[in-house]
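# An overview of the molecular structure
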Amino acid sequence: MINTQSDHTYDVIIAGGGPVGLFLACELALAKCSVLVLEKNSGSCSVLKQLPFGLRGLNSVSIEALYRRGLLQQMELHKQFKTPHINSNPKPGEKASGLGHFARIPINRAKIDASQWKYRLTDALDTSLFTSMEEIETVLLKRATELGVEIMNGLHITGFTKNPEMIIVQAGETTFTSQWLVGCDGSRSIVRKAAGIEFAGTEPEFTGYSAKVDIADPEKLHTGGITNEKGMYLLSQKDYLIMQDFDGGAFHNSNQPVTREHLQAVLRKIYDADVTINKLHTATTWTDRARQATTYRKGRVLLAGDAAHIHAPLGGQGLNLGIGDGMNLGWKLAAVINGHASDELLNTYFKERYPIGAKVLDWSRAQVAIMKPDPSSRAINAIIRDLMDTSDGATYFAGRISGVNTRYDLGGDHSLVGYSVPAFKLSDGTTINDKMADALWTILAFEHNDALKSIADNERMKYIESTTTETFGLKALLIRPDGFVAWSTNKNADVDVFKRVLSSNQLISF
Ligand SMILES: Cc1cc2nc3c(=O)[nH]c(=O)nc-3n(C[C@H](O)[C@H](O)[C@H](O)COP(=O)(O)OP(=O)(O)OC[C@H]3O[C@@H](n4cnc5c(N)ncnc54)[C@H](O)[C@@H]3O)c2cc1C
C-alpha cells in the first residue's frame, strides 16, 4: 500500500543528504523555503566518511562559501591538517606544499607569484584547507536543522512522477510532494536517471584503492609513495594506502570485494618488492570515470553535486564543485519560489556551472593522461613537471587547483564582474566576507551614493558604505547572494545601468 504524506507540499525536496544536498538545503531554508531532505542511509556515519578515508580538500571557492555562511568557523580539522599527504611524488629535496598537486607532481609554494591573481587582497581567506566528510556533514546537518529543514533518514528514493501542480517523489512505500525536486543523490543518481538526463563522458583508465591496512614491512616501501610506469601508491597517513592500477577500471567494475591478497598483489605489481600486507581493515575502490549531465535542469527537476558530474578524485575537486553548485543554485531557486524572479533565472544555473564542471573533468583527464604507464605519457609528464617548476607554471597550476581564477561569464564591462568578491576591508575592521551570512544582495559603495542606497532599501538587498585603501579604484559594486560580483564601476555609479543589471541580466525584480 502506498502511503502518501500529502498533508504538506514542500517547496523543494532534495534527494540525498550528502554534503551538497545539506548545503543546498541550508541555502534554501535561509531564504525561507520549506525543504525536505530524503536520505537513504540511516544516519550513522560510515567509516568511509571518517578519517582517514573521509579526508577532503577544500578550495578557495568552497572556503569562501562556507566562511560567508558562518560554517567554516564551526570546523576544526583544518587547524590540524595542513599537509595530510606527506608527499606526493617528489624529486629529491622537493617538499609537498599543502597546495595540492597535478598528477601527483606537488606545487612548489615558493614559486607562486600571487600578484598574478589580480583580485586577491591582503585579507583574503585561504586557498586550500582540509576537512572530512564526517565533519562537513555534521556542521551542515546542525545548521540545516536550526534553519528548519526537515531531514528524513532511511528513505531510499526510487523514482518520481509529475503533474502540472507538483512532483510526487517515491521512497519505497511512501510518497512526498513538492514544487521542485533537486537530485543531490550522488553519482548513481536515481533522480537523474528518472528524469532521463544523459550522463555523457569517458570510461575509466584505472581502479583506485583506498585502504586501511597493517603493513608488515613498511621499510620495504618508498617513504611517502611513488608514481611509476606501473601505477601509483601513496602512504599518505599511517597505515593508509592509496593506489592507482591502470586496469581500465576492470576491478572496480567487477564489483568484487577487495581482499588482503588482492591489495597485496596490486601493491607488489606497482612497486616491485615482496612487501606484505598483514591485515586489511577497510577498503574502497574508485575510478577516473568522467561524466557530466548534459543538462542540470528538466522542468522542475534539477541536479547538483556528484549527481551532475563525476571524475577522478585526483587533486580533490568533486566536493568543491558540488558546494559551488549549491551556492549558485540556492539563491536562484529561492528567488523563483519566493516570486522574485522568473524561472528563466534557473537556466543561468546550468549556463554558469556547466563550464566550470567541464573544466574540472578535463583537468582530471589531463592528469590521468600523464600518469598512464606508457612512454608518451612519461615524456609529457616530464615536460609538465619542468613547467610547474617555473614561476608562471606554479602560479597557473595553483590558480586552477585553488579555484582563485573561477569566473562566471556575466557580461558587463568591468573585469571584476563574474569573480567572487575580493575580501574588501570595511570601516568596522571586518571584511565583506563577514557580512554575507544573510545571503542578501549587497551594494558595497566606497563613497556615499544616495541613489544606490535608496535602491537597496528593501528586504532583499542591503547597502554597505565603507572607506578603505585597497579598492582597485572601484567606486561601487553589486554582490549577488552567492558572493559573486554582478556589477562594478570605477566611475560615478550610473544608476540606470545598475537597474538594468538587476532587472535583465539577473532576471530579478526588486
Ligand atoms: C577517495 C576520494 C577522495 C576525494 N577527495 C576529495 C577532495 O579532497 N576534495 C573534493 O572536493 N572532493 C573529493 N572527493 C569527491 C567528493 O567526496 C564528492 O564529490 C562529494 O562527496 C559529492 O557530494 P554529493 O553530496 O554530491 O554526493 P555524495 O557525497 O555521494 O552524497 C549523496 C547522498 O545521497 C544519498 N543517496 C543516494 N541515492 C539516494 C536515493 N536513491 N535516495 C535517497 N538518498 C540517496 C547517499 O546516501 C548520500 O548520502 C573525493 C572522492 C573520493 C572517492
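Please read these numbers as outputs of a predicted model, since none were measured by experiment. (Residues numbered from 1 in each chain as written. Predicted model: local features only at pLDDT ≥ 70, side-chain atom pairs only at ≥ 80, totals over all residues. Heavy atoms only, no water.)

What follows deals with the overall build of the chain. When helices and strands are counted, the chain shows 13 helices and 24 strands. Whereas a compact globule of 510 residues would reach a radius of gyration of roughly 24 Å, the chain reaches 24 Å, a difference of no more than 12%. In the chain, which comprises 510 residues, the proportion classed as buried is 55%. Looking at the chain alone, contacts between residues at least 24 apart form 71% of all its contacts between residues at least 6 apart. (Helix = DSSP H or I, 4+ residues; strand = E, 2+ residues; numbered from the N terminus. Rg over C-alpha atoms; globule rule 2.2 N^0.38 Å. Buried < 20%, exposed > 50% of the residue type's maximum accessible area, 1.4 Å probe, protein only. Contact = heavy atoms within 4.5 Å.)

This brings us to the packing of helix H9 (residues 347-371) against helix H10 (residues 375-388). Orientation of H9 relative to H10, taken along the N-to-C sense of each, is 115°, at an axis distance of 7 Å. Facing H9, whose interface residues are Ala369, Ile370 and Met371, H10 presents Ser377, Arg378, Ile380, Asn381 and Ile384. In the contact of H9 with H10, the residues fall into five nonpolar, two polar and one charged. (Axes fitted to C-alpha atoms, helices over the stretch in contact; angles between N-to-C directions. Nonpolar A, V, L, I, M, F, W, Y, C, P; charged D, E, K, R; others polar.)

The subject of this paragraph is the site of the ligand. Contacts to the ligand come from 27 residues, most closely from Glu39, Arg56, Gly57, Asp306 and Leu319. The contact in question runs from an oxygen atom of the ligand to an N or O atom on the side chain of Glu39, over 2.6 Å. Residue Ile157 places a main-chain N or O atom 2.9 Å away from a nitrogen atom belonging to the ligand. When the ligand is considered free in solution it has 1000 Å² of accessible area, and contact with the protein chains removes 84% of it. (Near = heavy atom within 4 Å. Polar contact = N/O pair within 3.5 Å; in protein donor to acceptor, adjacent residues only side chain to side chain. Areas by Shrake-Rupley, 256 points an atom, 1.4 Å probe, with all protein chains shown as cover.)

This part takes up the sheet that holds strand E14 (residues 231-237). Read from one edge of the open sheet, five strands run E13-E14-E15-E12-E16, paired in antiparallel fashion. Strands with a single pairing partner mark the edges of an open sheet, and in this sheet they are strand E13 (225-228) and strand E16 (277-287). Strand-to-strand twist across the sheet, computed as the mean angle between neighbouring axes with direction ignored, equals 20°. Where E14 lies against strand E15 (residues 240-245), six bridges are found, and the strand directions are antiparallel. (Pairing = 2+ DSSP bridges.)

With antiparallel pairing, three strands are arranged side by side in an open sheet as E11-E17-E20. Each end of this open sheet is capped by a strand with a single partner; those strands are strand E11 (199-202) and strand E20 (309-310). Where E11 and strand E17 (residues 290-293) come together, four bridges link them in antiparallel fashion. Following the sheet pairing, Ala200 is matched in E17 by Gln292. Where H9 meets the sheet, it contacts E11, E17 and E20, and its direction lies at approximately 175° from that of E17.

What follows deals with the packing of aromatic side chains. Under the defined criterion, the tally for this structure stands at 21 aromatic pairs. For the ring pair Tyr233 and Tyr271, a centre distance of 5.4 Å and an interplane angle of 70° mean the geometry is edge-to-face. With Tyr233 in strand E14 and Tyr271 in the loop between helix H7 (260-270) and E16, the pair connects residues that are 38 residues apart, well separated along the chain. Exposure remark for Tyr233: the relative accessible area of 0% places this residue in the buried category. Seen in terms of ring centroids, Trp331 and Trp441 are 5.3 Å apart; in terms of plane orientation they differ by 85°. Their pairing is edge-to-face. In this pair, Trp331 sits in helix H8 (residues 318-337) while Trp441 sits in strand E21 (residues 441-445), placing the two residues 110 residues apart along the sequence. (Phe/Tyr/Trp six-rings, centres within 6.5 Å; stacked < 30°, edge-to-face > 60°.)

This part is about the pairing of strand E2 (residues 35-39). For E2, the tally of buried residues reaches five of five residues, placing the bulk of the element in the interior. Of the two faces of E2, both are covered, the one formed by Val35, Val37 and Glu39 as well as the one formed by Leu36 and Leu38. Sheet topology note: the E2/strand E7 (residues 150-153) ladder contains four bridges and is parallel. Note that in E7 the partner of Leu38 across the bridge is Met152.

Each domain of the chain was delimited in the assignment, giving domain 1 (3-80 + 126-201 + 292-371), domain 2 (207-287) and domain 3 (432-505). Taking only C-alpha atoms into account, the centre of domain 1 sits 31 Å from that of domain 2. Each side of the interface is counted separately: domain 1 has twelve residues, and domain 2 has 15 residues. For the pair domain 1 and domain 2, the two sides together bury roughly 1000 Å², of which 71% comes from carbon and sulfur. Sorting the residues of domain 1 by area buried against domain 2 places Pro52, Phe53 and Met371 first, and these three jointly supply 57% of that buried surface. Inspection of the region where domain 1 meets domain 2 yields zero salt bridges. On inspection of domain 1 and its partner domain 2, the count reaches zero residue pairs in polar contact (both at pLDDT 80 or more). Residues belonging to the side of domain 1 that touches domain 2 are distributed by class as follows: ten nonpolar, one polar and one charged. (Domains from an automatic or database assignment. Buried area = accessible area lost by both parts, 1.4 Å probe. Salt bridge = Lys/Arg side-chain N within 4 Å of Asp/Glu carboxyl O.)

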